[in-house]
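# Structural overview for review
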Amino acid sequence: MVEDGGAVTGMGETSMGAAVLCAGAAVWLLGGRHSGARRAQLLLAGGGVVGAGPPTWRQLVGELRRMRGRLRAEWWSVAVGLVLAVLGASVLPVVAGAAGVPLLRRVRLAGEARRARERRGDAVIALCGVLAGEVRAGRQPGEALSPAARESGGLGEAQAAVLAAARFGGDVPAALAVAARQPGAEGLLGLAACWRVAVDQGAGLAAGLDRLEGALRAERDQRADLRSQLAGARCTAVMLAALPVLGLLLGIALGADPLHVLLHTGAGLGCLLAGGLLEGLGMWWAMRIVRGAEAA
């Protein structure tokens, strides 16, 4: 009985410590880091007296929205780990949540890079269309490139170098080839080829740009169609990966204590480690198959 009471006391102390840690993190996120800046904004903007009273419900909601905007998606794994640590009276979920931050950050950065690449490709397509219209309206290619680039943004970070080459008689195709090194801007190589052919052989630049725009647009549509076809496989893999969470919820609904078994017994810890490794391996393999299909 004494040992059971000591175990219960230890679990209660662990739960209390985790709860205090959660409360401290929430307080720090809500106002600790930016309290000085918020006071300065209030004083400079004349928005009220510092320490005039408790915050209203609208202010709390606004603060929570700002906190959600400051937090990156990967830090929610730590929040989930803290909740599970309180429920399971163990520090293992916190460690697992902290270990998942770099992986989720990598996934988020990869998604942002993919979206930036797609936006840059769309901008290159728009650049070809606008430039073809400007040339067809009677402007010279060097003169038409500047408004087309400003309107579409298809040159990206290399816009200044390309426009300088076009304005001062430089090597525009070479500058476009350098700009094409940006992820998603590979279509600028076609623009450089069209520009070189139009300048060297006197061919119509507008006709070449129309064909280039059509080819780039068809390639983009093909990638979008392939991605939509693979979305089902990706969703299936994610749903299968979420099945263990459903099993835990069913165990809790049936009156069992699966978190205690997984976090406080040797067999449970072994099952948790093996299940986590198999879960990660399965997700990696499924996503590898999907990425391979997209690349092909």
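Provided above is the structure to which this section pertains.
## Focus on the overall build of the protein chain
When helices and strands are counted, the protein chain shows 13 helices and 0 strands. Helices and strands in the protein chain line up, N terminus first, as α-α-α-α-α-α-α-α-α-α-α-α-α. Relative to its 296 residues, the protein chain shows a buried fraction of 27%. Contacts in the protein chain between residues far apart in sequence, at least 24 positions, make up 57% of those at least 6 positions apart.

## Section: unusual backbone geometry
Even without a glycine there, the phi angle at A89 is positive, about 55 degrees. Looking at where A89 falls in the secondary structure, it is placed in the loop between helix 4 (76–88) and helix 5 (92–136). Overall, the relative accessible area of 8% leaves A89 in the buried class.

## Description of the nonpolar core
Core analysis: the largest hydrophobic core is formed by 35 residues, its most contacted members being L131, L145, L155, L188 and L191. For this core, the secondary structure elements donating two or more residues are helix 5, helix 6 (141–152), helix 7 (159–167), helix 8 (172–179), helix 9 (188–201) and helix 10 (205–241). Take this core: its biggest share by element is 8 residues, from helix 5. The residues contacting L145, other than those within four sequence positions of it, are L131, V162, L163, A166, V172 and W195.

## Remarks on the packing of aromatic side chains
Scanning the model with the defined rule gives 1 aromatic pair in all. On the basis of an interplanar angle of 50 degrees and a centroid distance of 5.9 Å, the ring pair of W284 and W285 is categorised as tilted. A relative accessible area of 46% means that W284 is categorised as partly exposed.

## Observations concerning the state of the cysteines
All chains considered together, the criterion is met by 0 disulfides. With no disulfide partner, C194 has as its closest neighbouring cysteine sulfur the one in C128, 7.5 Å distant. Judged by relative accessible area, which is 18%, C194 ranks as buried.

## Some details on the environment of R150
On the secondary structure map, R150 appears in helix 6. Assessed through its relative accessible area of 58%, R150 is described here as exposed. Note: C-alpha distance between R150 and L127 (23 residues apart in sequence) is 9.0 Å. A polar side-chain atom of R150 sits 2.6 Å from a polar atom in the side chain of S146.

## As for the environment of V290
With respect to the helices and strands, V290 occurs in helix 13 (residues 266–295). When the C-alpha atoms of V290 and L230 are compared, they prove to be 6.8 Å apart, with 60 residues separating the residues in sequence. Setting aside chain neighbours within four positions, we find V290 in contact with L230, A233 and R234.

The rules behind these values
Residues numbered from 1 in each chain as written. Predicted model: local features only at pLDDT ≥ 70, side-chain atom pairs only at ≥ 80, totals over all residues. Heavy atoms only, no water. Helix = DSSP H or I, 4+ residues; strand = E, 2+ residues; numbered from the N terminus. Buried < 20%, exposed > 50% of the residue type's maximum accessible area, 1.4 Å probe, protein only. Contact = heavy atoms within 4.5 Å. Core = buried A, V, L, I, M, F, W, Y, C linked by side-chain atoms within 4.5 Å. Phe/Tyr/Trp six-rings, centres within 6.5 Å; stacked < 30°, edge-to-face > 60°. Disulfide = S-S within 2.5 Å. Polar contact = N/O pair within 3.5 Å; in protein donor to acceptor, adjacent residues only side chain to side chain.

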